[in-house]
Structure formats: structure tokens, C-alpha cells
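# Report on the structure
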Number of protein chains: 2
Amino acid sequence: MSTVDGAPQDRVPAAVLPILAAAGEHVPEVLGDVERALRTAAAPGTDPLDRAALDTVAAGGKRLRPLLAILVGGPAVADPDGPARAAVVRAGVAVELTHTATLLHDDVLDAGLLRRGRPTAFARDGRAAATCLGDVLFAAAFATLAGGGDARALRVLARASRELAQGELLQRADAWSTDVDEERYLLRCHLKTGALFEASARLGALAAGEEDEAFARFASAIGVAFQLFDDVLDVVAPPEQTGKPRGTDLLDGTVTLPMLVARERDPALRDLDVRTITTTEQAAEVCDRIAATGATEVTEERARALVADGVAALPAGLDEARRTALGLVARGVVDRRL
Amino acid sequence: MSTVDGAPQDRVPAAVLPILAAAGEHVPEVLGDVERALRTAAAPGTDPLDRAALDTVAAGGKRLRPLLAILVGGPAVADPDGPARAAVVRAGVAVELTHTATLLHDDVLDAGLLRRGRPTAFARDGRAAATCLGDVLFAAAFATLAGGGDARALRVLARASRELAQGELLQRADAWSTDVDEERYLLRCHLKTGALFEASARLGALAAGEEDEAFARFASAIGVAFQLFDDVLDVVAPPEQTGKPRGTDLLDGTVTLPMLVARERDPALRDLDVRTITTTEQAAEVCDRIAATGATEVTEERARALVADGVAALPAGLDEARRTALGLVARGVVDRRL
């Protein structure tokens with residue numbers, strides 16, 4: 001888990017350090033640049049909206065999407081004064097702001113009170129403030145990326161933003177329904193998480209002056225794996241680790257792969273109407289039943305297979321340092337050291 | 001009032017025709033281009049999100065912001081194949097999408113059920129769908145503008161988006177409070193409406209390869225006047241004209257200039273706690289009292305003075321055709337023929 005606040009270097013989890021070392025000295029430097037630029041982009045002034053934006057941006061996040069952009073950017077982004085460096089910093093800021101904006105709006109729609117163990121902007125400042133703050137961070141994401149004048153980059157971000165919204169809507173359309181097949185579940189994971197991972201890789205490649213489908217496929221695969229693992233954590237991880245009670249997804253009506261698999265194995269779960277789960281105690285009990293079927297292991301296995309596919313999809317001629325670093329990110333996603 | 005649907009030319013109110021004629025043959029042509037591009041930008045595909053986006057964009061709007069961008073763009077945007085034409089179409093689409101996105105989010109926050117006499121996306125599809133649709137239209141606005149690769153234009157739009165959010169938050173901070181002075185009320189009008197009018201003018205000028213503070217000041221002034229006049233209509237206009245009951249602002253806790261002026265003149269209004277107004281009947285009665293003080297005439301007078309200031313601020317060397325057309329837009333705003 002990331003630390004909650006502090007200087008840029010504090011937010012990189014210890015487990016990430018070998019990744020940074022593997023990928024070259026410039027990587028922590030560029031992450032630091034992203035961190036500073038993120039704060040300036042979110043809060044250009046000092047009014048209440050700026051303070052709220054700064055709080056939200058500083059409150060956490062593993063900066064996994066910027067890290068992906070930086071690693072895909074490769075040696076081209078190492079020169080601190082080169083155009084590729086400036087471009088990858090803009091990319092990192094844009095994807096992190098977009099991610100944060102969607103979290104803000106998700107928390108409003110789900111009435112989410114806690115995220116990363118802290119009160120959400122919705123809990124602290126209310127529905128209107130959190131909605132407007134999300135809008136402002138969206139605008140800041142696009143404005144930051146626009147600084148580079150690369151229309152392709154903007155199209156990549158706009159597409160991902162659209163997919164994020166589609167994912168949110170698909171999840172709501174499927175709410176409380178156990179009549180979802182695995183394909184539809186995986187599509188939802190792509191839209192909710194894979195799409196912005198993919199965009200991060202595409203933007204990293206564009207920053208380095210490349211366009212590469214292999215990195216995009218890699219990033220999409222590990223993004224989906226990340227979502228699968230998130231869905232496992234919702235069933236098995238203690239609140240101290242996730243900052244929210246077990247079974248939060250079930251309480252929101254979000255039926256994920258562990259439940260879909262478990263229903264095949266446990267008739268009591270198959271007969272359960274998810275709408276009847278209304279307390280955290282009930283949710284925890286259902287989580288225990290899901291875990292008892294082995295469904296979380298099946299889901300984890302699926303996530304690991306996706307990661308393996310993603311790593312196998314990396315470009316053949318890739319230098320060893322980057323291959324190692326991207327492999328560590330990919331495995332970090334499913335070991336949830338990231 | 002604009003017509004509700006139909007071909008692009010249907011949506012131009014009859015009162016606008018002299019404006020178009022005054023400004024040159026290309027103006028209706030460019031408005032038609034904006035209309036088509038707006039639909040493509042909002043709905044690039046055919047999934048449910050696209051259909052909802054298309055419905056929302058087609059549902060109305062006087063396209064006043066695109067018209068401003070086109071008129072400020074001037075003769076430079078007349079050539080259908082020139083780069084200035086493409087740029088002004090992008091600008092028109094971007095400002096209209098941004099406007100529509102903020103209306104969607106406002107309706108969610110206010111639980112607004114009717115707009116322009118039709119059910120809102122919130123009423124029709126619910127909170128989540130309307131929020132996500134707003135996010136998508138925001139992203140589409142920036143992506144469209146980014147097509148031109150002009151970072152200055154993106155910064156103009158990002159700044160206006162931020163101001164729109166600030167305006168919304170200021171309005172909420174001031175909700176139910178009659179302790180608002182005129183300066184603060186006018187700042188709110190600038191943020192809510194003037195800022196995007198101003199951005200429309202700035203984007204029109206940038207499309208033509210210019211940067212001009214005079215057009216920006218003009219547009220900001222008539223934007224604020226537009227908001228003042230909107231606030232008058234909320235007090236005096238029959239629902240058939242506005243598509244919503246009189247006193248909707250009061251029911252939402254939004255205290256506007258007519259009420260602030262009326263409170264100085266009618267002790268009963270001064271002693272009234274706005275929170276006690278909870279039905280449309282009560283709201284209509286309070287509106288009658290406000291109107292009886294002459295406060296709506298005072299507000300209209302203020303709006304006309306702003307328009308006169310705006311027109312006086314137009315560049316000295318401006319060609320007659322454009323001066324006439326912009327003057328007609330400005331007066332149309334307060335005659336509410338637009």
C-alpha cells in the first residue's frame with residue numbers, strides 16, 4: 001500500500017524500488033517530476049477549489065499509470081531537458097488526473113465514504129463539490145496533455161475517458177444481476193481499468209515518438225488483471241489493507257468473477273438474491289462462503305494468466321532493462337505489492 | 001425559443017436570421033457545419049451511450065456560444081476549405097459540448113427534471129447515466145478542440161471549465177443566503193455564464209489567427225447580461241416560455257439580483273426566509289411580490305447597461321457587418337429573442 005501523504009518519494013511503495021532500479025536512474029526522477037506537475041495542474045491557484053484539488057491529488061494513489069507511461073517511454077525520456085521527458089510528464093499527469101476524476105465521480109454515485117482509508121471528497125465536502133472537483137480534474141487532464149500539441153495523444157485520452165464512462169454504466173446496468181457471463185465481466189474490467197492502463201502505455205509510446213500496439217496490449221492485459229485482483233481483494237482482504245469493509249462490491253450490487261465462479265460451486269450462493277445483502281456483517285459472511293469455494297483462487301489464476309499473456313506480448317526487440325521493469329510491474333499488479 | 005429537434009437549420013430561431021444575414025452568407029453554413037460536427041463528436045458510435053449523447057445534443061440549445069465564436073472569427077472563417085473554418089467549427093463544437101456537459105451535471109446536482117420543456121437525462125436515465133454522459137461530453141469537447149493542435153485553445157477551454165465549476169460551487173456556497181452583495185452575485189454570473197461566452201470569443205479569435213481582448217470583454221459582458229436576464233425570466237416568464245415553473249431558482253435556494261433588489265424595497269421580502277419556500281405555488285407568489293417592487297426592471301436595466309458596455313468595447317476598426325451582427329447578438333440576449 002502506498003503511504004498516505006508526504007514528499008513525492010514517500011509515495012513510491014518499497015516494493016516498487018527494484019522496478020525503478022531495474023529500469024534506470026531516470027525513472028524515480030521522472031516520477032518526481034510527474035508528482036510536482038500533478039500538483040500544479042490540479043491546483044494552479046489558492047482558492048477553495050484549488051485546496052480541495054490538492055488534497056485529493058495528494059491523498060494517495062500508487063501512480064501506477066504514470067509509471068507505466070514512463071517505462072513504456074523508455075530511454076527516450078531519460079534526458080531531463082528533452083522533449084520526450086516533457087511529453088511523458090504531461091502524459092503521466094493526464095492519466096493520473098483522469099483516474100482521480102473518475103474516482104471522485106464514482107464515490108459520488110456510490111455514496112462512497114472511504115477511499116484508501118481516508119474520507120472521500122464526497123464524504124468531506126458533499127455531492128456538488130465532489131462532482132465539480134471531478135469536472136475540474138478532467139479539464140486539467142486534457143489541458144495538461146494539450147500543452148504538447150499532439151492531437152493523437154488527446155484522442156487517446158478522450159477514448160479512454162469514454163471507455164471509463166462506458167465501464168461505469170455497464171457496471172450499473174449489470175448491478176444486482178448474477179446473469180452476467182465471464183465475457184461481459186471481462187469487458188467491464190477492460191472498460192473500467194484496462195482502458196486507462198492501455199492509454200497510459202500509448203501515451204508513453206507517443207511521448208517517445210513511437211506508436212506501439214504491443215505495449216498497448218501488455219498494458220490492457222495487466223489493467224484487466226489488476227481489476228480481477230481488486231475484485232479478489234474485495235472478498236478476502238481485511239479492511240486494514242484496503243481501507244474499506246469486505247464485500248463492498250456486493251453491497252453496491254457489483255457482481256464480480258469470484259461470485260460468478262462461486263455460484264457454480266455452491267448452490268446456496270446460486271440461490272442467493274444479492275439485493276438481500278444489506279449489512280457489512282452479511283457481506284462478510286457471503287465473502288467467506290465465496291472464498292470457501294476456491295473461487296478467489298480461480299480468479300487469481302485468471303489474473304496471473306492475463307499477466308503472463310501481457311508479458312509474452314511485449315515487443316521482441318525490447319531492451320532487457322525495460323523488459324525486467326515491465327515484468328516487475330506486471331507481477332506487482334497481481335502480487336498486489338503495487 | 002429554439003425548436004426542439006430536426007435538421008440543423010430548424011434550430012436557428014427566426015430572430016437570429018437577421019444576425020446571420022448581417023454577418024455574411026457563410027455564417028449559417030458554418031453553424032450547419034458545427035451542428036453536424038457536434039453530433040459526430042458526441043456520438044462517434046452506436047452504443048447506448050452514443051444514443052443518449054445524441055439525444056442530449058439534439059434536444060436543443062440556441063447554439064449561441066458557437067455563433068459567438070463564428071462571428072468573432074470573422075471573414076477568416078468564410079472559406080469552407082480554409083484552416084480557420086475547421087478551427088472555428090472545432091471551437092463551436094467544443095464550447096457547445098462543454099455547455100451541455102455542465103447542464104447535465106447541474107441537473108444531476110439539482111435533481112432537475114425538465115429543461116427546455118423536455119425531461120432531462122437525469123429524469124430519463126438516472127443519476128449515474130447523466131453524470132457519466134456529462135464526463136463523456138467533457139472529454140469529447142477537449143478531444144475535438146485538440147484536433148487542431150493549438151495548446152492556447154485548450155488552455156482557454158480548460159480555464160472556462162474551471163470557472164464553470166467555481167461558479168457552480170459559489171452558487172451552492174451561497175444557497176439560501178440573502179446575505180450576498182451585488183458584486184458577489186455578478187462574480188457568480190461571470191463564472192456561471194460569462195466565462196464560457198468569453199472563451200467562445202477567444203476561441204473564435206484564435207481560429208482566425210488572432211488574440212483579441214476586446215472581443216473577450218464584449219463576450220463576457222453579454223454573458224453576464226444573459227445570466228441577469230435568465231434570472232429575470234425565472235421570476236416573470238410563464239412556464240410555457242421557459243419550460244420550468246416560475247421561482248425555480250428560489251426553490252433551489254439560488255438568490256438572484258431581482259430578489260436582492262426587491263428585499264431593499266419590500267420589508268416582507270426582507271424578512272422572508274427563503275428556506276420556507278417549498279412549493280411552486282409559494283414560489284410563484286414570492287415572484288409576484290418581487291416583480292411588484294420593480295426589481296425585475298432594475299435587473300433588466302443592469303443587463304442592458306452591460307450589453308451597451310460590451311458593444312462599446314468592440315474593437316474600433318471592426319468592419320460594419322460584424323459590428324452589426326455582434327450588436328444584434330448582444331441585444332438579442334437581453335430582448336431574449338435569442
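Residue positions are given per chain, counting from 1 as you read along its sequence in written order. Chain letters and ligand numbers both follow the written order, the letters beginning at A and the numbers at 1. The predicted nature of this model means local features are confined to residues of pLDDT at least 70 and side-chain atom pairs, given and counted, to a pLDDT of 80 or more, with totals for whole chains, interfaces and linings taken over all residues. By convention in this description, side-chain values take in all heavy atoms of the structure and omit both hydrogens and water.

UniProt positions are given in the numbering used here, feature names are shortened, and annotations may be inferred rather than shown by experiment. In the Cofactor (unreviewed entry) part of its UniProt record, chain A is described as follows: "Mg(2+)". What UniProt records for chain A under Sequence similarities (unreviewed entry) is the sentence "Belongs to the FPP/GGPP synthase family."

### Some details on the interface of chain B and chain A
Residue contacts are counted whenever heavy atoms from the two residues lie within 4.5 Å of one another. Each partner contributes to the interface: chain B provides 33 residues, whereas chain A provides 33 residues. Interface of chain B and chain A: buried area, both sides summed, is about 2,900 Å²; carbon and sulfur atoms make up 71% of it. When a carboxyl oxygen of Asp or Glu is within 4 Å of a side-chain nitrogen of Lys or Arg, the pair counts as a salt bridge. For the pair chain B and chain A, the number of links is 2 salt bridges. Two N or O atoms count as a polar contact when they lie within 3.5 Å, although within protein this holds only if one can serve as hydrogen donor and the other as acceptor, and sequence-adjacent residues are included solely when both atoms are side-chain atoms. At the boundary of chain B with chain A, the tally comes to 8 residue pairs in polar contact (both at pLDDT 80 or more). Mapped by element, the contributors of at least two residues to the side of chain B that touches chain A are α3 (48–58), α5 (83–110), α7 (127–146) and α8 (151–173) of chain B. The quantity reported as buried area is the accessible area (1.4 Å probe) lost by two parts once they are put together, taken as the sum for both. Secondary structure counts use DSSP, requiring at least four H or I residues in a row for a helix and at least two E residues in a row for a strand, with both numbered from the N terminus.

### A few points about the packing of helix α10 (residues 213–236) of chain A against helix α16 (residues 295–312) of chain A
To characterise two packed helices, one gives the angle between the axes of the helices and the distance between these axes. Residues and elements named next belong to chain A. A fitted line through C-alpha atoms represents every axis, and for helices the fit uses only the stretch in contact; the resulting angles, taken between N-to-C directions, go from 0 to 180 degrees. The contact between α10 and α16 brings their axes to 8 Å, and the two run at 165°. Considered as vectors, α10 and α16 are oriented roughly antiparallel to each other. Of the two elements, α10 crosses α16, and the hand of that crossing is left-handed. Residues F218, A221, I222, V224, A225, L228, F229, V232, V235 and V236 of α10 touch α16, and the partners they reach there are T296, T299, E300, R302, A303, R304, L306, V307, G310 and V311. The class makeup of the residues in the contact of α10 with α16 is 14 nonpolar, 3 polar and 3 charged. These descriptions rest on fixed angle ranges, namely under 35 degrees for roughly parallel, over 145 for roughly antiparallel, 65 to 115 for roughly perpendicular, and the rest for oblique. In this scheme the handedness of a crossing depends on how the near helix is turned from the far one: anticlockwise by less than a right angle means left-handed, clockwise means right-handed. Any residue that is not Ala, Val, Leu, Ile, Met, Phe, Trp, Tyr, Cys, Pro, Asp, Glu, Lys or Arg is counted as polar, Gly included; the first ten are nonpolar and the last four charged.

### Some points on the relation of the copies chain B and chain A
Applying a rotation about an axis and a shift along it to one chain copy brings it onto the other copy. The superposition of copies rests on a least-squares fit of C-alpha positions from residues with pLDDT of 70 or more in both. Turning chain B through 180° and shifting it by 0.0 Å along the axis lays it on chain A, with an RMSD of 0.0 Å. What the rotation and shift describe, once combined, is the action of a two-fold rotation axis. It is B:G149 whose C-alpha, among those of chain B, lies nearest the rotation axis, at 2.3 Å. An overlap of 100% is found between the interface residues of chain B and their copies at the interface of chain A, pointing to a shared contact surface.

### A word on the nonpolar core
By size, the foremost hydrophobic cluster in this structure holds 217 residues, and its most contacted members are A:L97 and B:L97. Ranked by residue count, the leading element in this core is α7(B), at 14 residues. Leave out the neighbours within four places in its chain, and B:L97 touches B:L38, B:A41, B:A42, B:V57, B:L137, B:A140, B:A141 and B:T144. The set of buried Ala, Val, Leu, Ile, Met, Phe, Trp, Tyr and Cys residues whose side-chain atoms join them within 4.5 Å is what this entry labels a nonpolar core. Here's how the labels work: a residue is buried when its accessible area is under 20% of the maximum for its type, exposed when over 50%, partly exposed in between, all with a 1.4 Å probe on protein chains only.

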